[in-house]
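Close look at the chain arrangement
Okay, here's what each chain looks like letter by letter:
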Amino acid sequence: RAKGEGGGVHRAYEPQLHALAEERRLIELALREALEKDQLHVLYQPVVDAEGGCVVGFEALVRWTHPQLGPISPAKFVPVAEEARLIAPIGEWVLRTACMEAVNWPEDVRIAVNVSAEQLTHASFVAAVVSALSYSGLDPRRLELEVTESVFMSEGTGALKVLDQLLALGIHLSLDDFGTGYSSLGYLSRTRFNTIKIDRSFVVGASNNKAESLAIIRAVVTLADSLGMTTTAEGVETQAELDMVRRLGCRKVQGYYFGRPMLARDAGLLFPHHQRRSA
Ligand code: C2E
Ligand code: MG
Ligand code: MG
Ligand code: MG
């Protein structure tokens, strides 16, 4: 009897699993085509100094519009790309594209690019970064690479060594979505991150006066200060959230309140007095 039920549950599950695998396979195929056919593009979201309100940087965010399926979120296709070993070519394309845009912006404006932990397990990643920098002519100090805490789980793959090599080039490193993943504070002293990005979930909590979120942001800011790092509050949507994270000492802010991810030409319009570097 128990066996029969188990079997029933199993049978009920299978079509769903199958559909999921099928969806992943379709995304993978379409993604390969997207890379070849230029269906990817990059949007840029401003990062703002919490005190002065100036734009101090942009985060590059990849976008994919499939000709039939329409826009597909990176939250959906990036994990598929990671599994299908497509994240390296996609990531390198985003990196080159973002660096080539960033040279048109004022020199104190940084460009942040997301990097999957998977990319850091290939020693060739450093060479790809060096090549993007030299091809675009971007000063390495203007490039920031964002990695999530998952990078700490790829110990033994050489990922942490790659981070050291990137730091040695003068590139900035940020720890993205901090507090949502596998955090081990020991790693913060092992690798010299420049910035900790505090995940939006804490920002929302803090503005709702949730004691835990307030305490976590306060603790992260203190930790960052004492380790010589700065903090960015992610996903700031309202004046109340801005006031709160500012009061808690976050140095930089990013979110819809300041600007949605935008086209490069609109990003450039934020610096009306800046002379574009002519090609
Ligand atoms: P992330 O790096 O944490 O990027 C921040 C995400 O929050 C972006 O979502 C951004 O559009 C969104 N966001 C910004 N401000 C707000 C706000 O005020 N409210 C809310 N609710 N959301 C806000 P997006 O663009 O959909 O990207 C999702 C994730 O996909 C990124 O999270 C990042 O992990 C990944 N991703 C995006 N582009 C790339 C890429 O080029 N390479 C890799 N490896 N991952 C990428
Ligand atoms: Mg990011
Ligand atoms: Mg984030
Ligand atoms: Mg994220």
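Our subject in this report is the structure included herewith. The residue numbering used here restarts from 1 in each chain and proceeds along that chain's sequence as written. Each chain gets a letter, beginning with A, and each ligand a number, beginning with 1, in the order they are written. pLDDT decides what is reported in this predicted model: residues at 70 or higher carry local features, side-chain atom pairs at 80 or more are listed and counted, and totals for whole chains, interfaces and linings draw on all residues regardless. Hydrogens and water molecules were not included; the side-chain quantities draw on all heavy atoms of the structure.

Side note on helix H8 (residues 200–207)
Here is the rule: A 1.4 Å probe rolled over the protein chains alone gives each residue an accessible area, and that area as a share of the maximum for its type sets the label: buried under 20%, exposed over 50%, partly exposed in between. Secondary structure elements are defined from DSSP: runs of H or I of at least 4 residues count as helices, runs of E of at least 2 residues count as strands, and each element is numbered from the N terminus. This arc is taken over the directions from the axis of the helix to the C-beta atoms. Contacts are residue-level and defined by heavy atoms, with any inter-residue pair within 4.5 Å sufficient.
Among all positions in H8, only Phe 202, Val 203, Gly 205 and Ala 206 are buried. Along the long axis of H8, the arc covered by the buried residues comes to 165°, so they all point the same way. In this fold, the buried residues of H8 make contact with strand S6 (172–178), strand S7 (195–198), helix H9 (211–226), strand S8 (230–233) and helix H10 (239–247). The positive-phi residue at the C-terminal boundary of H8 is Asn 209, with phi of around 60°.

Points about the nonpolar core
Selection criterion: We define the nonpolar core as a collection of buried residues of types Ala, Val, Leu, Ile, Met, Phe, Trp, Tyr and Cys that are connected through side-chain atoms lying within 4.5 Å of one another.
Of all hydrophobic cores here, the largest spans 80 residues; its most connected members are Tyr 44, Ile 111, Leu 120, Leu 143, Leu 145 and Leu 166. In contact with Leu 143, other than residues within four places in its own chain, are Leu 95, Cys 99, Arg 110, Ile 111, Val 113, Val 129, Leu 133, Leu 138, Ile 171 and His 172.

Here's the deal with the packing of aromatic side chains
The line we're drawing: Any Phe, Tyr or Trp ring, taking Trp's six-membered ring, that has another such ring centre within 6.5 Å forms a pair; planes under 30 degrees apart are called stacked, those over 60 apart edge-to-face, and the others tilted.
All chains considered together, the criterion is met by seven aromatic pairs. Ring centres of Trp 64 and Phe 77 lie 5.4 Å apart, and the angle between their planes is 90°; this geometry places the pair in the edge-to-face category. One end of the pair, Trp 64, is in strand S2 (residues 55–66); the other, Phe 77, is in helix H2 (residues 74–83), with 13 residues separating them in the sequence. Take Trp 64 and Phe 77: they sit in the same class, and that class is buried. Three or more aromatic residues joined by ring pairs form one cluster here, namely Tyr 44, Phe 58, Trp 105 and Phe 271.

What to know about the site of ligand 1
Basically, it comes down to this: We call a residue near a molecule or strand whenever a single non-hydrogen atom of that residue lies within 4 Å of it. Throughout this description, a polar contact denotes any pair of N or O atoms lying within 3.5 Å of each other; where both atoms belong to protein, one of them has to be capable of donating a hydrogen while the other can accept it, and for residues adjacent in sequence the pair is counted only when both atoms sit in side chains. In these tables, accessible area is a Shrake-Rupley quantity obtained with a 1.4 Å probe, and a residue counts as shielded only by the protein chains included in the view. Side-chain classes follow a simple rule in which Ala, Val, Leu, Ile, Met, Phe, Trp, Tyr, Cys and Pro form the nonpolar group, Asp, Glu, Lys and Arg form the charged group, and the remainder, Gly included, forms the polar group.
Not every one of the 22 residues close to ligand 1 is listed here, only the nearest: Arg 63, Asn 114, Asp 176, Glu 237 and Tyr 256. Asp 176 has a polar side-chain atom sitting 2.8 Å from an oxygen atom of ligand 1. At a separation of 2.8 Å, an oxygen atom of ligand 1 approaches a polar backbone atom of Tyr 256. With the chains in place, 80% of the 800 Å² that ligand 1 exposes on its own is no longer accessible. Contributions of two or more residues to the shell around ligand 1 are made by S2, H2, helix H3 (87–102) and S6. Broken down by element, the shell around ligand 1 gets its largest block of residues, four residues, from S2. Across the shell around ligand 1, the residue classes break down as nine nonpolar, five polar and eight charged.

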